[in-house]
Amino acid sequence: MKRKKAMLTKRRKKVRTADSESTGSLSFNSPKMDIPVVNFNAYKLGEDQIPDERLSVMTEEIKQAFSGTGFVYLENTGIEQQEVNRVMDVSKKFFLLPEDTKKLCARNSDHENFNDGWVSSEIERLNPLRPGDLKEAFNISHLDSVLKWPSDASIPEFQEVLDSFFRRCKALALRVLEVTALSLGLQRDFFVKKHKLIGTNKNCTTLRTLYYPPLHKVIVKPNQIRCGEHSDYGSVTLLFQDESGGLEVMHRSGQYISAPCIPGTVLVNIADLMQRWTSDVLVSTSHRVLLPPDDKMNTSRQSVAFFVHPDKDEIISCCDGSNKYPPVSALQYTKDRAYISYKEVNDSNLAV
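Residues numbered from 1 in each chain as written. Predicted model: local features only at pLDDT ≥ 70, side-chain atom pairs only at ≥ 80, totals over all residues. Heavy atoms only, no water.

1. Quick notes on the sheet that holds strand β10 (residues 256–258)
Part 1: Strand order in this open sheet of 4 strands is β7-β12-β9-β10, and the pairing throughout is antiparallel. Here the strands that pair on one side only, and so sit at the sheet edges, are β7 (227–230) and β10. Strand-to-strand, the axes of this sheet are offset by a mean angle of 25 degrees, without reference to chain direction.
Part 2: Pairing geometry for strand β9 (residues 247–250) and strand β12 (residues 287–289), over 3 bridges, is antiparallel. The residue bridging Val249 from the neighbouring strand is His287, located in β12. (Pairing = 2+ DSSP bridges. Helix = DSSP H or I, 4+ residues; strand = E, 2+ residues; numbered from the N terminus. Axes fitted to C-alpha atoms, helices over the stretch in contact; angles between N-to-C directions.)

Pasting the structure below:
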């Protein structure tokens, strides 16, 4: 027993943090933070035989991250950087299409799959106290959706690439949920069995490819930034970002600090429903994307996020049996949060 504890302590000391990584020049004036970097190799995609010792170390490291900052970088997940680059490459081709072409794929808030499709710049307002976010997005939540995909001949692979990456993210997300359950002393499938319908119209899990256009020709409004302060709605989020910088996470001190890109990793964070589910043991942290510095206003930024949600008909109650939060419908909670983000558009009865 003493030997096992000694090995666990020794392994913990090897955990790196974002602050210890060489990530290049960020240009943003916020300090870095110690978001842990955890090796997910023991449970990466394609790996099913997991030694108990390696799994116990990894689950403990992930629990520490999720109960501390709420964020963790996972390396060696099985999703390769080349896959991420391909998604960003085809996505950029879409975002550079004429606006009239992109409008044919626009999100329709009145449709059953209310989140699917293109969202134009400044439509979302993730912080209601700020002007609209300076970003575009293309959302996919339903793999058999009637979503209008772009027909432009320059990106015939757009649907295939996004569909494939959705499935890869789903597979990784389910593994993250299993590890999260084990870290809390729950059955391995405790959370997974509440996420059985990802990719269908009975679940709100969404792959979002995001584009933050250059701003050197844009009149930026007072207090406007690329993405307003917010926490995510669902269970967990997987984030892949380029090296442009700008993402900040709120530390428990109340200060926003940088969460830079570490190539080859996935940045995973706890979302609001998971915090409720775990009675605040795991924390959902506010984050934002700042404007670039003046000498970088002519550069764009890209990211790809996989927002994981429980199935729509699930009722989320505290997993420890307490009444810290009342039970809530997964679907209604998501709809209520989305309504706030699109409030002005919804109030005007416009499709976005």
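2. Observations regarding the environment of Asp320
Part 1: Tracing the chain through its elements places Asp320 in the loop between β14 (315–316) and β15 (328–329).
Part 2: Residues Asp320 and Trp277 lie 43 residues apart in sequence; the distance between their C-alpha atoms is 8.3 Å.
Part 3: A polar contact of 3.0 Å, which involves the side chain of Asp320, links it to the side chain of Ser279. (Polar contact = N/O pair within 3.5 Å; in protein donor to acceptor, adjacent residues only side chain to side chain.)

3. Focus: the packing of aromatic side chains
Part 1: One pass over the full model with this rule turns up 13 aromatic pairs.
Part 2: Geometrically, the ring pair formed by Phe138 and Phe158 is edge-to-face, given 5.1 Å between the ring centres and 70 degrees between the ring planes. Taken together, the residues Phe138 in strand β5 (residues 136–140) and Phe158 in helix α5 (residues 158–183) connect sequence positions 20 residues apart. Each of the two residues, Phe138 as well as Phe158, counts as buried.
Part 3: Counting every residue linked through ring pairs, the aromatic cluster contains Phe94, Phe95, Phe138, Trp149, Phe158 and Tyr211.
Part 4: One cation-aromatic arrangement involves Arg288 over Tyr256; the distance from NZ or CZ to the ring centre is 4.0 Å.
Part 5: When the ring centre of Tyr212 is taken as reference, the NZ or CZ atom of Arg301 above it lies at 5.0 Å. (Phe/Tyr/Trp six-rings, centres within 6.5 Å; stacked < 30°, edge-to-face > 60°. Buried < 20%, exposed > 50% of the residue type's maximum accessible area, 1.4 Å probe, protein only. Lys NZ or Arg CZ within 6 Å of the ring centre and 35° of its normal.)

4. Comments concerning the pattern of salt bridges
Part 1: A full pass over the atoms with the stated rule returns 14 salt bridges.
Part 2: Glu157 is paired through a salt bridge with Lys93; the nearest N and O atoms lie 3.9 Å apart. In this pair, Glu157 is assigned in the loop between β5 and α5 and Lys93 in helix α3 (residues 81–95), connecting sequence segments 64 residues apart.
Part 3: For the salt bridge of Arg337 with Asp272, the shortest nitrogen-to-oxygen distance reads 2.2 Å. Taken together, the residues span a long stretch of sequence, with Arg337 in helix α7 (residues 330–341) and Asp272 in helix α6 (residues 272–277) at a distance of 65 residues. (Salt bridge = Lys/Arg side-chain N within 4 Å of Asp/Glu carboxyl O.)

5. Things to note about the side chain of His287
Part 1: Counting through the fold element by element, His287 comes out in strand β12.
Part 2: Overall, His287 belongs to the buried group, its relative accessible area being 7%.
Part 3: Polar side-chain contacts of His287 include one of 2.9 Å to the backbone oxygen of Thr285.
Part 4: Those residues in contact with His287, other than ones at most four positions away along the chain, are Phe71, Gly228, Glu229, His230, Ser231, Asp232, Leu247, Glu248, Val249, Tyr256 and Asn269. (Contact = heavy atoms within 4.5 Å.)

6. Quick look at the pairing of strand β13 (residues 301–308)
Part 1: Most of β13 is tucked away: 8 of the 8 residues are buried.
Part 2: Of the two faces of β13, both are covered, the one formed by Arg301, Ser303, Ala305 and Phe307 as well as the one formed by Gln302, Val304, Phe306 and Val308.
Part 3: Taken together, the 7 bridges between strand β6 (residues 206–212) and β13 define a ladder with antiparallel strand orientation. Within β13, the residue paired with Tyr212 across the bridge is Arg301.
Part 4: Of the strand pairs in this sheet, strand β8 (residues 236–241) and β13 are connected by 6 bridges, and their pairing is antiparallel. Bridge pairing in β13 places Phe240 opposite Val304.

7. Notes on the nonpolar core
Part 1: Counting residues in each nonpolar core, the largest one holds 64 residues, and the members touching the most others are Phe138 and Leu162.
Part 2: Of the residues forming this core, the biggest block, 12 residues, is contributed by α5.
Part 3: Setting aside chain neighbours within four positions, we find Leu162 in contact with Val87, Val90, Ser91, Phe138, Ile140, Trp149, Leu207 and Thr209. (Core = buried A, V, L, I, M, F, W, Y, C linked by side-chain atoms within 4.5 Å.)

8. Quick look at unusual backbone geometry
Part 1: At Asn76, a position not held by glycine, the phi torsion is positive, near 60 degrees.
Part 2: By the secondary structure assignment, Asn76 is in the loop between β3 (71–75) and α3.
Part 3: The class of Asn76 is partly exposed, set by a relative accessible area of 38%.
Part 4: Positioned with a positive phi, Asp280 is a non-glycine residue whose angle comes to about 75 degrees.
Part 5: With respect to the helices and strands, the residue Asp280 is situated in the loop between α6 and β12.
Part 6: When its relative accessible area of 23% is taken as the criterion, Asp280 is described as partly exposed.

As far as function goes, none of this settles anything; it's purely spatial.
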